[in-house]
Amino acid sequence: MSTAPTLARYTLRAMEKIAPLRLAEKWDNVGLLLESPVARPEANRVLLTIDLTPSVLEEALHPSTALVISYHPPIFKPLSSITLANSLQTSILKLAAVGVSVYSPHTALDSVRGGINDFLASGLVSIDASVPAGTVHEIERAGEVKFLDGATKGEDEGGLGRLVELHQETPIEVVVERIKGHLGLNYVDLARPLVPRQVRTIAVCAGSGGSALASVNADVFFTGEMSHHEVLAAIAAGRYVVLCGHTNTERGYLPILASKLRALLAEYAQHTSATTPMSGHDGGVQGLSLTEAERRALCSAEVYVSQTDRHPLERV
């Protein structure tokens, strides 16, 4: 019996627990994007990556891989055809042919409490970026964290971006060093307003934050990338802008996601067919029922962060 379908099914259940898809932005394309009909007999690995690049594809084609969780959806816009003339479509076809499925959480993982935007905020104030969805943060050190729009989604499970409010005015140089240290970066791009100012509020958005941050009143915009004119508009309004590179604001979260997935899969593996049949689809373990074969499949599961996924740009 192949372990891949069992591993994929329960990994999707775990991902719904970690980052409910209902939290994704309406424009996004999230969830199971490729379901291969081919069973891989020995597959026991889930591969985590930010992007499905050619180098990541080579990792995914290893016989042990059952499922790729690609943060960015490799299928975003509707496809009129799937051919070998397009490199990304070639990757999709190769994965389908050998029995590897693809799932993308994207903005659901940004929005959820304990997700990527909280991970970014945790480099500025003392919050736990690994807390489970639905848990309210206890702010202990330097400030407070709110949603950018002041709204919440799905009974306070998550929201758009984050607004960090520092308890004390802080020099921009200190803020920049916190960001660099948290993300493991030697350099960031910093735009300064004409008149220097101390920092109390920092608007945070993973990835490309220009549109999400544009209407936010904050001293600093902290994101991966913004357009030239978006940066000019921000500094004209008296704000600092810190740009770290699109995927540099996202990749540091993958080890946290891996840890959460391992914990949930291990928890699922403790439930056998002796328990009450499954009674929900929220990713929890209450009422979960596994056969012995399914339990063995989950016990052998490995969650692996790609070794070749990296930011596509380097400074030379």
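Here the structure is shown first, and the text comes after it.
Residues numbered from 1 in each chain as written. Predicted model: local features only at pLDDT ≥ 70, side-chain atom pairs only at ≥ 80, totals over all residues. Heavy atoms only, no water.

K.L.:
Report on the packing of helix 1 (residues 4–18) against helix 10 (residues 292–299), specifying residues and quantitative values.
P.N.:
A pair of packed helices can be characterised by two numbers: the angle between their axes and the separation between those axes. Put simply, helix 1 and helix 10 touch, their axes get as near as 9 Å, and they point 75° apart. Classified by the angle their axes make, helix 1 and helix 10 are roughly perpendicular. Listed contacts from helix 10 to T6, L7, R9 and Y10 of helix 1 are E294, A297 and L298. Broken down by class, the residue content of the contact of helix 1 with helix 10 amounts to four nonpolar, one polar and two charged. (Axes fitted to C-alpha atoms, helices over the stretch in contact; angles between N-to-C directions. Helix = DSSP H or I, 4+ residues; strand = E, 2+ residues; numbered from the N terminus. Parallel < 35°, antiparallel > 145°, perpendicular 65-115°, else oblique. Contact = heavy atoms within 4.5 Å. Nonpolar A, V, L, I, M, F, W, Y, C, P; charged D, E, K, R; others polar.)

K.L.:
Tell me about the nonpolar core, and name the residues and values.
P.N.:
In this structure, L48, V164, I202 and F222 are the most contacted members of the largest nonpolar core, which totals 59 residues. The element best represented in this core is helix 9 (residues 254–269), accounting for nine residues. Among all residues touching L48, those that are not within four sequence positions of it are I69, L254, L257, A258, L261, V303, Y304, V305 and S306. By size, the runner-up hydrophobic cluster in this structure holds 15 residues, among which are A191, C205, V241 and L243. (Core = buried A, V, L, I, M, F, W, Y, C linked by side-chain atoms within 4.5 Å. Buried < 20%, exposed > 50% of the residue type's maximum accessible area, 1.4 Å probe, protein only.)

K.L.:
Requested: an account of the pairing of strand 8 (residues 199–208), with residues and values cited.
P.N.:
The side chains of a regular strand alternate, first on one face of the sheet and then on the other. Most of strand 8 is tucked away: eight of the 10 residues are buried. Pairing of strand 6 (residues 162–170) with strand 8 involves five bridges; the strand directions are antiparallel. Residue pairing across strands places L163 opposite A203, the latter belonging to strand 8. Inspection of the sheet shows strand 8 paired to strand 9 (residues 220–225) by five bridges, in the parallel sense. Considered in strand 9, the bridge of A203 is made with F221. (Pairing = 2+ DSSP bridges.)

K.L.:
Could you give an account of the sheet that holds strand 4 (residues 101–104), with specific residues and numbers?
P.N.:
The five strands are arranged 1-4-3-2-11 in an open sheet whose pairing can be described as mixed. Here the strands that pair on one side only, and so sit at the sheet edges, are strand 1 (31–34) and strand 11 (302–305). On average, adjacent strands in this sheet sit at an angle of 25° to one another, irrespective of strand direction. Bridging between strand 2 (residues 45–49) and strand 3 (residues 65–70) involves five bridges; their strand directions are parallel. Considered in strand 3, the bridge of R45 is made with T65. On top of the sheet, helix 1 reaches strand 1, strand 2, strand 3 and strand 4; it is set at about 25° to strand 3, its chief contact.

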